[in-house]
Amino acid sequence: MSQQTFSLPYQHPFTPDKKYKKSVAYFSMEFAVDQALKIYSGGLGFLAGSHMRSVYALKQNLIGIGMLWKHGYYDQGRKKDGSMQPEFREKIYSFLTDTHIRFQIPVMGKDVWVAAYYLAPDVFQSAPLFLLTTDTDGNDEATRAISYSLYDADVSYKVAQCMILGIGGARLLEELGYEPQVYHFNEAHAVSAIFHLFKKYKKVAEVKKRVVFTTHTPEEAGNEKHDIHFLENLGFFSGLDLGTVRKISGIKDDTFNHSLAALSLSRKANGVSKLHGEVSRQMWKPYPKIAEIGHITNAQNNTYWVDKQLEEARVEKNLEKIAARKKELKAILFKTVADQCGKIFDPEVLTIVWARRFAAYKRPDMLAWDLERFSKLVNNTDQPVQVIWAGKPYPKDEGAINTFNHLFYLSHLFPNVAVLTGYELALSKLMKDGSDVWLNTPVVTREASGTSGMTAAMNASLNLSTFDGWICEFAKDGDNSFLLPVAEGEDINKQDCENLMEKLETTVVPTYYTDQAKWQQMVLNSMNDVNVEFNSDRMAREYYEKLY
């Protein structure tokens, strides 16, 4: 750990820009600020990481509060036959500072020690971050394990992790002598902090004026729920009686809905795209007393993600330069393909990439559902294509792991199809740089925002997507991307699959090979259209203007 000194009471290291003076504590279960700090799993972390980088760039008065996961999420290793398996290894970071702050909170019937580490802003050009851990002296193995792995599969541990983030984060601020004007919960993981604040301030109005909430869940079933007595036994409500808990959190029965509690005790809330805002307002309509739900569309940090040469060429409107640089970047990605898969890919060939978390609703394998058409597509020697998949399923999601491995075994049949492991920030960057087409296939309305296509577009890749999430605000079919029509009726999977193959066979592949002028113009349009609106500086600014 870094030997940097750390003094109390804590003072924000930035002199904030006058537009962003209000002090904010931003709570998130995961942050992807750099490849070296493995405390993230996927989209939520990528979003929070970009946000923290824009806080740094704009000099906003915001600090992040998260968790120091001993094993990270997991390492995506391979079995003897090359199929994937989750591996859990200890991570040690010498660039974090030990604050020497330690305090106890009651969790699972024990007084659990919590230690806090600090990521100074200059390490990765991010907001200052405080990371909490229970892997510290004074705790037994069972309580140390609370902060071992992000999103523990055991329900008691998962709730305990949320309590360390929520109650522990609120307690940390007291230890720091740092009283923020705004507590921002990025997803409902930290909602236990609200009950700690209620105990402190005694009035709902006092809590509400401090709390804002971002929801990322586009459907009711996705909102986390637990039995209220189970939560009480774990210490979730900071000793408040259940009558009070129900009264202030909008819970009418014994099922505690984390998102509903967050909405009931916030002054403002937001969805993460225009469509998701509409879906959320509809979903929560039966609860008239909750916070007003607006929307602030997710975004990604240009400075971190954009290839500098591509960006120079975009500004110059130099299509030839963009195309030439793209081939160089493809060659760099293809070294990883060769290393992992023993396959030599060609930078001249149209390259389609599907890469993000493997989850059933994202339909990672849709491209290969119709095996006959898929085989025809990848065996076409006149207009050849290369296909690469990557992404991490949840380590206990057997269905998603099986899908990943099925694609891996399928790839053995084709020298131009590859499945990569280790989809983290660094590989994600390589794949966005090295793809021609960024394939996005979620079931429509299931993807709250999605952000991977933004950074692909920044790096001269064209989105081929269903009409969902952020895409609805960005995509113009045939102008800056390729869109699939919205499927309707009984079998939307069948329709989406047919529409995808049709689009590839009749439009995407022929355009690449027979109308490069149009392709390059679409690429430039896409780069221009993503540049301002989907840069996280815009998003970080909107959080101050609309939410804080």
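Attention here is on the structure that accompanies the text. (Residues numbered from 1 in each chain as written. Predicted model: local features only at pLDDT ≥ 70, side-chain atom pairs only at ≥ 80, totals over all residues. Heavy atoms only, no water.)

Overview of the packing of helix α19 (residues 492-514) against helix α20 (residues 516-531)
Rule in force here: Interaxial angle, 0 to 180 degrees, is taken between N-to-C directions of lines fitted to C-alpha atoms, where a helix line uses only the stretch in contact. Strands here are runs of E lasting at least two residues and helices are runs of H or I lasting at least four, both read from the DSSP assignment and numbered beginning at the N terminus. For this classification, under 35 degrees means roughly parallel, over 145 means roughly antiparallel, 65 to 115 means roughly perpendicular, and everything else is oblique. The contact rule is simple, with two residues in contact once any of their heavy atoms fall within 4.5 Å. Under the scheme applied, nonpolar residues are Ala, Val, Leu, Ile, Met, Phe, Trp, Tyr, Cys and Pro; charged residues are Asp, Glu, Lys and Arg; polar residues are all the others, including Gly.
As a packed pair, α19 and α20 sit with axes 6 Å apart at the nearest point and diverge in direction by 110°. By the criterion of interaxial angle, the relationship of α19 to α20 is roughly perpendicular. Each of Val-508, Thr-511, Tyr-512 and Thr-514 in α19 lies in contact with α20, whose residues at this interface are Gln-516, Lys-518 and Trp-519. Partitioning the contact of α19 with α20 into residue classes produces 3 nonpolar, 3 polar and 1 charged.

Details of the environment of Asn-528
What counts here: Only protein chains enter the accessibility calculation, which uses a 1.4 Å probe; a residue whose area is less than 20% of its type maximum is buried, one above 50% is exposed, and one in between is partly exposed.
By the secondary structure assignment, Asn-528 is in helix α20. The partly exposed category is assigned to Asn-528, whose relative accessible area is 30%. Spatially, the C-alpha atom of Asn-528 lies 13 Å from that of Lys-476, the residues being 52 residues apart in sequence.

Re the packing of aromatic side chains
What describes a pair of aromatic rings is the distance from one ring centre to the other and the angle between the planes of the rings. Note the following rule: Note on aromatic pairs: the rings of Phe, Tyr and Trp (six-membered ring only in Trp) are paired at centre separations within 6.5 Å, and the planes decide the class, stacked below 30 degrees, edge-to-face beyond 60, tilted for the rest.
Inspection of the entire model under this criterion finds 39 aromatic pairs. Look at Phe-14 and Tyr-56: their rings are 5.7 Å apart centre to centre, the planes differ by 75°, and that puts the pair in the edge-to-face class. Placement of Phe-14 in the segment before β1 (24-27) and of Tyr-56 in helix α1 (residues 43-58) is noted, with a sequence separation of 42 residues between them. Of the residues examined, Phe-14 reaches a relative accessible area of 10% and is grouped as buried. The partly exposed category is assigned to Tyr-56, whose relative accessible area is 23%. Here the aromatic residues Tyr-73, Tyr-74, Phe-88, Tyr-151 and Tyr-394 are joined through ring pairs into a cluster of three or more.

Points about the pairing of strand β14 (residues 350-355)
Basically, it comes down to this: A pair of strands is considered paired only if DSSP assigns at least 2 bridges between the two. For the handedness criterion, the strands are oriented away from the viewer, and a crossover whose path from the first strand over the helix to the second runs clockwise is classed as right-handed.
With 6 of its 6 residues buried, β14 lies for the most part within the structure. Here β14 shows no split at all, with Leu-350, Ile-352 and Trp-354 on one side and Thr-351, Val-353 and Ala-355 on the other all buried. Across 6 bridges, β14 lies against strand β15 (residues 385-390) in parallel orientation. Paired with Trp-354 across the strands is Trp-389, a residue of β15. Traced from β14 through helix α14 (residues 371-379) to β15, the parallel crossover comes out right-handed. Judged from the 2 bridges that link them, β14 and strand β17 (residues 437-440) form a sheet pairing that is parallel. Paired with Val-353 across the bridge in β17 is Trp-438.

Quick look at the sheet that holds strand β19 (residues 481-483)
Strand order in the open sheet formed by 6 strands is β16-β15-β14-β17-β18-β19, and the pairing between neighbours is parallel. Strands with a single pairing partner mark the edges of an open sheet, and in this sheet they are β16 (417-420) and β19. The mean angle between the axes of side-by-side strands here comes to 20°, regardless of whether they run parallel or antiparallel. Set on the sheet, helix α13 (residues 319-341) makes contact with β14, β15 and β16; between it and β16 the angle comes to about 80°. Running over the sheet, helix α16 (residues 425-434) touches β14, β15, β16 and β17 and is turned about 160° from β15.

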